[in-house]
Amino acid sequence: DTEVTQTPKHLVMGMTNKKSLKCEQHMGHRAMYWYKQKAKKPPELMFVYSYEKLSINESVPSRFSPECPNSSLLNLHLHALQPEDSALYLCASSQDRRGTSSTDTQYFGPGTRLTVL
Amino acid sequence: GIQVEQSPPDLILQEGANSTLRCNFSDSVNNLQWFHQNPWGQLINLFYIPSGTKQNGRLSATTVATERYSLLYISSSQTTDSGVYFCAVEDRNTGNQFYFGTGTSLTVIP
């Protein structure tokens, strides 16, 4: 099974709302990622978790708060977002060859289309 | 971070034609992948190819890591090949840090 699932598929929220995006994989991968993709642009890395610990934060504003409760789950908590945060949010996972600075094939979920009003 | 440029940015092909997409990167990488993004946004793995050549049906890819480029070949293109093709590289210095290329938007017309 090479599936990464994401919920919800679509989300509309106001600037004062709090919401969460969820990502799940059961491939035994120990690296999980959040990406943001604006229309007609490539995905941009936001956060990386390695063995359930935050290893990379690409200077993402604090209104985005990631969480990795266990090795299969990754959440992205959203609070006080701005209209410019509207985008496709993609989750991915891969093997993490700890100690070798090397990973393996990334598998992506279908994404959550977020609209901030 | 690593700069990743893809060419051409846009490509229109007649069904049945062949094409070559290019990915250039600015530094040493651990990992290079090619993806196809469909109109619904799903990124589909095509190849994991940090070096060498691989083939899968009508698609093949070659990465020359020492010269910092990779090529994706599509032969006998079909309308279902339409979409955006991305390469993504992993920074060798940091690990787990991936950078996507600028993408090639392919349209195959019947």
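Described below are features of the structure shown in this document. What you are looking at is a predicted structure, and each value in this text was computed from that prediction instead of being measured.

The rules we used
Residues take numbers from 1 onward in each chain, read along the sequence in its written order. A letter from A marks each chain and a number from 1 marks each ligand, given out in the order of writing. Local features in a predicted model are, by the rule used here, given only for residues with pLDDT of at least 70; side-chain atom pairs are given and counted only at 80 or more, and totals for whole chains, interfaces and linings are based on all residues. Side-chain numbers here rest on the full set of heavy atoms in the structure, without hydrogens or water. Secondary structure elements are taken from DSSP: a helix is a run of H or I of four residues or more, a strand is a run of E of two residues or more, and numbering for both begins at the N terminus. Relative accessible area decides the class of each residue, using a 1.4 Å probe on protein chains only: under 20% of the type maximum gives buried, over 50% gives exposed, and in between gives partly exposed. In this analysis, two residues are considered to be in contact whenever any of their non-hydrogen atoms come within 4.5 Å of each other. Only the protein chains shown count as cover for residues, and all accessible areas are computed by the Shrake-Rupley method using a 1.4 Å probe. None of His or the chain ends enter the tally, which takes Lys and Arg as positive and Asp and Glu as negative. Lysine's charge is taken at NZ, arginine's at CZ, aspartate's at CG and glutamate's at CD. Buried area adds together the accessible area that both of two parts lose upon being put together, with accessible area traced by a 1.4 Å probe. Residues adjacent in sequence count toward polar contacts only when both atoms are side-chain atoms; beyond that, a polar contact is any pair of N or O atoms within 3.5 Å, and within protein one must be able to donate a hydrogen and the other to accept it. Gly is placed with the polar residues, together with every amino acid not listed as nonpolar (Ala, Val, Leu, Ile, Met, Phe, Trp, Tyr, Cys and Pro) or charged (Asp, Glu, Lys and Arg). Disulfides are defined in this document as cysteine sulfur pairs within 2.5 Å. In summary, the pairing rule links any two rings of Phe, Tyr or Trp, Trp by its six-membered ring, whose centres are within 6.5 Å, and it sorts them by plane angle into stacked for under 30 degrees, edge-to-face for over 60 and tilted for everything else. Any Lys NZ or Arg CZ that is within 6 Å of a ring centre and within 35 degrees of that ring's normal is treated as a charge sitting over the ring.

## So, the overall build of chain B
Along the backbone of chain B there are 0 helices and 11 strands. Along its sequence from the N terminus, chain B presents helices and strands in the succession β-β-β-β-β-β-β-β-β-β-β. Across its three principal directions, the C-alpha atoms of chain B cover 45 × 25 × 20 Å. Across the 110 residues that make up chain B, the buried fraction comes to 51%. Nonlocal contacts in chain B, meaning residues at least 24 apart in sequence, comprise 55% of its contacts between residues at least 6 apart. Working note: accessible area of chain B is about 4900 Å², and carbon and sulfur atoms make up 49% of it. Side-chain charges of chain B comprise 5 positive and 8 negative groups, with the mean position of each set lying 7 Å from the other.

## A few points about the interface of chain A and chain B
Listed by partner, the interface residues are 28 residues for chain A and 23 residues for chain B. Of the roughly 1800 Å² buried at the junction of chain A and chain B (both faces included), carbon and sulfur atoms supply 47%. On inspection of chain A and its partner chain B, the count reaches 5 residue pairs in polar contact (both at pLDDT 80 or more). Those elements that place two or more of their residues in the side of chain A that touches chain B are β4 (31–37), β5 (44–50), β6 (53–57), β9 (87–94), β10 (96–97), β11 (102–103) and β12 (107–108) of chain A. No other element matches β4 of chain A, which puts 4 residues into the side of chain A that touches chain B. Tallied by class, the residues present in the side of chain A that touches chain B amount to 13 nonpolar, 9 polar and 6 charged.

## Observations regarding the state of the cysteines
This model, assessed by the stated rule, comprises 2 disulfides over all chains. The disulfide partner of C23 of chain A is C91 of chain A, and the S-S distance across this bridge is 1.8 Å. Here C23 of chain A and C91 of chain A share a disulfide; its torsion about the S-S bond, -70°, makes the bridge left-handed. Residue C23 of chain A is located in strand β3 (residues 18–25), and its partner C91 of chain A is located in strand β9; the two are separated by 68 residues in the primary sequence. Owing to a relative accessible area of 0%, C91 of chain A belongs among the buried residues under this scheme. Put simply, C23 of chain B and C87 of chain B are joined by a disulfide, and their sulfur atoms are 2.0 Å apart. Judged by the torsion about the S-S bond (80°), the C23 of chain B/C87 of chain B disulfide is right-handed. On the criterion of sequence distance, the pair formed by C23 of chain B in strand β3 (residues 19–25) and C87 of chain B in strand β9 (residues 83–91) is long-range, its members being 64 residues apart. A residue is classified by how much of its surface remains accessible, and C23 of chain B, at 0% relative accessible area, is buried. With relative accessibility at 0%, the residue C87 of chain B sits in the buried group.

## Section: the packing of aromatic side chains
Scanning the model with the defined rule gives 9 aromatic pairs over all chains in all. On the basis of an interplanar angle of 80° and a centroid distance of 5.9 Å, the ring pair of F86 of chain B and F100 of chain B is categorised as edge-to-face. Here F86 of chain B, found in strand β9, pairs with F100 of chain B, found in strand β10 (residues 98–100); they are 14 residues apart in sequence, far enough to count as distant. Assessed through its relative accessible area of 3%, F86 of chain B is described here as buried. Grouped by ring-pair contacts, the aromatic residues Y33, Y35 and F108 of chain A together with F35, F86, F98 and F100 of chain B constitute a single cluster. Seen from the ring of Y69 of chain B, R22 of chain B lies directly overhead, with NZ or CZ sitting 4.2 Å from the centre.

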